[in-house]
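# Structural features, examined
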Amino acid sequence: MQVWDPRIEMMPRDELLRLQYRLLKTLVYRLYSFSEFYRRRMKDVGVHPDDIRVLEDVQKLPFMYKHDLRDNYPDTIFTASREELVRYHVSSGTTGKPTVVGYTPNDLKNWTESIARSLTACGLGRGDVIQVSYGYGLFTGGLGLHYGAERIGATVLPTSVGNTERQIELMQDLHVTAIACTPSYLLHIGEVAEKMGISIRDDTDLQRGILGAEPWSDEMRKRIQDWLGIRAYDIYGTSEISGPMFTECAEQNGIHIWGDIALTEIIDPDTGESLAPGEKGELTMTVLQKEALPMIRYRIGDITTVDDDVCACGRSHPRIMRIMGRVDDMLIIRGINVFPSQIEHALLEIPEVGRHFQIIVDRKGVLDAMLVRVEVAAEAFSDKISDLMSIRKLVEHRLKTVLNIGVDVELVEPGTLPRFEGKSKKVIDRREL
Ligand code: DLL
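Just so you know, these numbers come straight off a predicted model, no measurement behind them.

## Digging into the domain arrangement of the protein
- Entries for the protein in the domain assignment read domain 1 (1-324) and domain 2 (331-432).
- Both faces considered, domain 1 and domain 2 share a buried interface measuring about 1,800 Å² in area, 51% of it formed by carbon and sulfur atoms.
- Area buried by domain 1 at its contact with domain 2 is led by Glu191, Glu219 and Arg223, which between them contribute 33% of it.
- Inspection of the domain 1/domain 2 interface yields 2 salt bridges.
- A salt bridge links Arg355 to Glu191; its shortest N-O distance comes to 3.9 Å.
- At the junction of domain 1 with domain 2, the criterion picks out 13 residue pairs in polar contact (both at pLDDT 80 or more).
- When residues of the side of domain 1 that touches domain 2 are traced back to their parent elements, those giving at least two are helix H8 (183-195) and helix H10 (218-228).
- The dominant element in the side of domain 1 that touches domain 2, judged by the number of residues it contributes, is H8, at 5 residues.
- Broken down by class, the residue content of the side of domain 1 that touches domain 2 amounts to 11 nonpolar, 6 polar and 4 charged.

Rendered as structure tokens:
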């Protein structure tokens, strides 16, 4: 097994905790001394850097939210001067103002090192050809993976998104061994390849997928692996913490969060209290070494659990389990909480169901109504109404059992629902209109 930086990645847990404490203390002193914004924040909750005496004292520090970046648009919160910055990324800002993230040379170095460790943990290295099919540009996916892959000595094919047929030709011609893209885009690539008469499994050298930037389920992983003949690894990050940073290892059992890079907490989203390992809550991170845009107890909004045990691979850093969704993705349907990921999980367990679905939420009179549109699997598709009726009944029954509410199901032909090159949009909530 290859390990990029064994000294850090295999560090005994107590040493790692001491390192985190030292980094936290340094960060807090630096921000209190030099940043008006952070000093004010700390004073508002009555905490001084001297009060941080053990690692758990991180809980005394105030939270940060995405709106802190929006309110300080574009860069008044930065703790590095213009002369020190070497890169900006800008998030698309689906709601409200976009957020701008700045990087110093050290910020880029730490980001790249983090991805180098992660890609190595996924089994990649020299001799691999990595097709980076995340968007290049303001989005962090393309450039983040690009520099991380170069750092480990792999060969990068910087295709970015789009022009899918060409991507598939290049994948074949240049003997691509790994692809980094959203799971949705890989599904699309697989389908377009089939239309071109190419099987990714049999006619390419693809062995690994580094898939993330959107929620996906273990069932989807299984389908992708079985269909395309690859191993699919989950990759996680957000622009505010730099970009894509953390992945699973060969165990495929949780995403390693490098503890010298980020201090992870799981918070009860309602009370703000810290939760124990294994308890489900909102992921909150303190990025320990960021120079240009430090994030302290940043409430990311993603729901997950943390596993603190040393991984079977020997890496000692904590792992987060698959993201179940975002706090703000949760749909409240007739008073019941529903995460789109639960729906994906339930649907993909049914072999007659294809890989694509869409959730439409509407209001009928005073009641919420949810319609799940599902593609039937190509193998299961027939023109016989009676077959389709029984699949629909099965799907409705399964969803009712999992979600505890009745849901309308509409079966559609394979290839009908929209396909996505970047992050997918699976939920249409018409109640918002
Ligand atoms: O999506 C960074 C990234 C690029 C991650 C490439 C992975 C690969 P943002 O655009 O700021 O950054 O969006 C961050 O996307 O808070 C999650 O809600 C979601 N997300 C990212 N990775 C995953 C994942 C990039 N593996 C937001 N599983 C996050 C589930 C994910 N959700």
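## Description of the packing of aromatic side chains
- Per the counting criterion, the structure on display carries 5 aromatic pairs.
- A centroid spacing of 6.5 Å and a plane angle of 40° characterise the contact between Phe78 and Tyr88, whose relative ring orientation is tilted. On the criterion of sequence distance, the pair formed by Phe78 in the loop between helix H4 (66-71) and strand E1 (87-90) and Tyr88 in strand E1 is long-range, its members being 10 residues apart.
- Using a relative accessible area of 11% as the deciding quantity, one classes Phe78 as buried.
- Residue classification places Tyr88 among the partly exposed residues on the basis of a relative accessible area of 37%.
- Taking the centre distance of 5.2 Å and the plane angle of 15° together, the rings of Tyr103 and Trp111 count as stacked.
- Exposure remark for Trp111: the relative accessible area of 3% places this residue in the buried category.

## Describing the pattern of salt bridges
- Applying the stated criterion across every chain yields a total of 34 salt bridges.
- Between Glu248 and Arg221 there is a salt bridge whose closest N-O contact spans 2.8 Å. Placement of Glu248 in the loop between strand E8 (243-247) and strand E9 (255-256) and of Arg221 in helix H10 is noted, with a sequence separation of 27 residues between them.
- With a shortest N-O distance of 2.9 Å, Asp226 and Lys222 are connected by a salt bridge. Here the residue Asp226 and the residue Lys222 both occupy positions in helix H10, the gap between them amounting to 4 residues, near one helical turn.
- In this structure Lys222 comes out as exposed when scored by relative accessible area, which is 52%.
- Among the charged side chains, a network of salt bridges with common partners joins Asp218, Arg221, Asp234, Glu248 and Arg322.

## Examining the site of the ligand
- Taken together, 20 residues are adjacent to the ligand, and Asp234, Ile235, Ser239, Asp302 and Lys423 come closest.
- One nitrogen or oxygen atom from the main chain of Glu214 is found 3.2 Å from a nitrogen atom belonging to the ligand.
- One nitrogen or oxygen atom from the side chain of Asp234 is found 2.8 Å from a nitrogen atom belonging to the ligand.
- When isolated, the ligand has an accessible area of 610 Å², and the protein chains bury 92% of it.
- Mapped by element, the contributors of at least two residues to the shell around the ligand are helix H6 (140-151), strand E7 (231-238) and strand E12 (298-304).
- Partitioning the shell around the ligand into residue classes produces 9 nonpolar, 6 polar and 5 charged.

## Looking at the sheet that holds strand E15 (residues 325-326)
- Read across the sheet, 4 strands follow the order E10-E11-E12-E15 without closing on themselves; strand pairing throughout is antiparallel. Single-partner strands in this sheet number two, and they are strand E10 (262-267) and E15.
- Note that strand E11 (residues 281-287) and E12 share 4 bridges and pair antiparallel. Bridge assignment links Thr284 to a residue of E12, and that residue is Arg299.

## Quick notes on unusual backbone geometry
- Of note, the amide linkage connecting Tyr73 to Pro74 takes the cis form, showing an omega dihedral of -5°.
- By secondary structure assignment, the location of Pro74 is in the loop between H4 and E1.
- Backbone geometry at Gln252 places phi at a positive 50°, although glycine is not the residue there.
- Position of Gln252 among the secondary structure elements: in the loop between E8 and E9.
- Residue class for Gln252 comes out buried when judged on its relative accessible area of 17%.
- Of note in this structure, Asn404 is not a glycine but carries a positive phi near 70°.
- Structurally, Asn404 is set in the loop between helix H12 (385-403) and strand E20 (408-412).

Rules and cut-offs
- Each chain carries its own residue numbering, running from 1 in the direction its sequence is written.
- Two thresholds apply to this predicted model, a pLDDT of at least 70 for residue-level local features and 80 or more for giving and counting side-chain atom pairs, whereas whole-chain, interface and lining totals are computed over all residues.
- Excluded from the side-chain calculation are hydrogens and water; included are all heavy atoms of the structure.
- Where each domain begins and ends is defined by an automated method or by a domain database.
- Reported buried area values correspond to the accessible surface (1.4 Å probe) lost by two parts on association, with both partners' losses combined.
- The term salt bridge refers to a pairing of a side-chain nitrogen on Lys or Arg with a carboxyl oxygen on Asp or Glu at a separation within 4 Å.
- For the purposes of these results, a polar contact is taken to be a pair of N or O atoms within 3.5 Å, where, inside protein, one atom must be able to donate a hydrogen and its partner to accept one; residues adjacent in sequence count only when each atom of the pair is a side-chain atom.
- In DSSP terms, a helix is any run of H or I states spanning at least four residues, a strand is any run of E spanning at least two, and both are numbered starting from the N terminus.
- The residue classification treats Ala, Val, Leu, Ile, Met, Phe, Trp, Tyr, Cys and Pro as nonpolar and Asp, Glu, Lys and Arg as charged. All others, Gly included, are polar.
- Aromatic contacts are taken between Phe, Tyr and Trp rings whose centres are within 6.5 Å, Trp giving its six-membered ring; a plane angle under 30 degrees counts as stacked, one over 60 as edge-to-face, and the others as tilted.
- Throughout, exposure labels follow a simple rule: accessible area from a 1.4 Å probe, protein chains only, divided by the maximum for the residue type, with under 20% read as buried, over 50% as exposed, and the rest as partly exposed.
- Residues are counted as near a molecule or strand when any one of their heavy atoms sits within 4 Å of it.
- In these tables, accessible area is a Shrake-Rupley quantity obtained with a 1.4 Å probe, and a residue counts as shielded only by the protein chains included in the view.
- We treat two strands as partners when DSSP finds at least two bridges between them.

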